[in-house]
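Observations on the three-dimensional arrangement
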Amino acid sequence: MTHSVIARRAVDGAAYEIDTAKDRLDVGLIHHFLSCCSHWARGIPRDVVERSIAHSLCFGLYRDGVQIGFARVVTDEATFAYLADVFVVGEHRNAGLGRFLVAAILDHPPLQGLRRWLLVTRDAASLYRRCGFTDTAGGCTYLERFDPDIYRPATPERAAAD
């Protein structure tokens, strides 16, 4: 197993670390959280999660060696990065670990000198603002192509609607 620990911190006797090694990720935990607990990827199939991990720079957050959080970055490592799928499992929230994770990602050497970072959030804007994110620059419009039903199982009713 390759360890590429980029940040460490100890709190109340617990050892926290952030690692970029994909072979250390608990894909079952990541899939479960995204598919069952998140509002942005509910129902996402495991093979889609695996493909997203394979094509992203990934960051696992660990407490005493057990994964408790995750984030990934889609980037060209030259001009642009998109921060996605950031989470800390429920029982470890509200301890500053989300900020620790995001700050470590923003400090990661391959991601320095980028002109633009993007992310989308429904309810964590205050966390990202504390890490230096702002609303889009004046004159910019954020556009998207979004299919909210992409992970829903096909049903006869859905097929008829399509």
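Residues numbered from 1 in each chain as written. Predicted model: local features only at pLDDT ≥ 70, side-chain atom pairs only at ≥ 80, totals over all residues. Heavy atoms only, no water.

Side note on the overall build of the chain
How we decide: Each helix corresponds to a stretch of at least 4 residues labelled H or I by DSSP, and each strand to a stretch of at least 2 residues labelled E; elements are numbered beginning at the N terminus. A radius of gyration in this sense is built from C-alpha atoms; the matching globule rule multiplies 2.2 Å by the number of residues raised to 0.38. Note on exposure labels: buried denotes an accessible area under 20% of the residue type's maximum, exposed denotes more than 50%, and partly exposed covers the range between, all computed with a 1.4 Å probe on protein chains only. Note on contacts: a residue pair is in contact if any heavy atoms of the two residues lie within 4.5 Å. Computed by Shrake-Rupley with a 1.4 Å probe, the accessible areas treat only the displayed protein chains as cover when residues are assessed. Asp and Glu count as negative and Lys and Arg as positive, but His and the ends of the chain are not part of the count. Where a charge lies is defined by one atom per residue type: Lys uses NZ, Arg uses CZ, Asp uses CG and Glu uses CD.
Within the chain, the secondary structure is distributed over 5 helices and 6 strands. Listing the helices and strands of the chain from first to last along the sequence gives β-β-α-α-β-β-β-α-β-α-α. In terms of C-alpha radius of gyration, the chain reaches 17 Å, essentially the compact-globule figure of 15 Å for 162 residues. In terms of overall dimensions, the chain has a C-alpha envelope of 55 × 40 × 30 Å along the principal axes. Classification of the 162 residues of the chain by burial places 39% in the buried group. Counting only contacts in the chain whose residues sit at least 6 apart along the sequence, the fraction spanning at least 24 positions is 53%. For the chain, the exposed surface amounts to about 9900 Å²; the carbon and sulfur share of it is 51%. Charge centroids of the chain, computed over 19 positive and 20 negative side chains, lie 4 Å from each other.

A word on the state of the cysteines
Quick note on the threshold: Pairs of cysteine sulfur atoms within 2.5 Å are what we label disulfides.
Scanning all chains against the criterion turns up 0 disulfides. Between Cys37, a cysteine without a disulfide, and Cys36, which holds the nearest cysteine sulfur, the sulfur-to-sulfur distance is 6.0 Å.

Remarks on the side chain of His31
For His31, the location among the structural elements is in helix α1 (residues 27-37). The residues contacting His31, other than those within four sequence positions of it, are Cys36, Ile44, Pro45, Arg46 and Val49.

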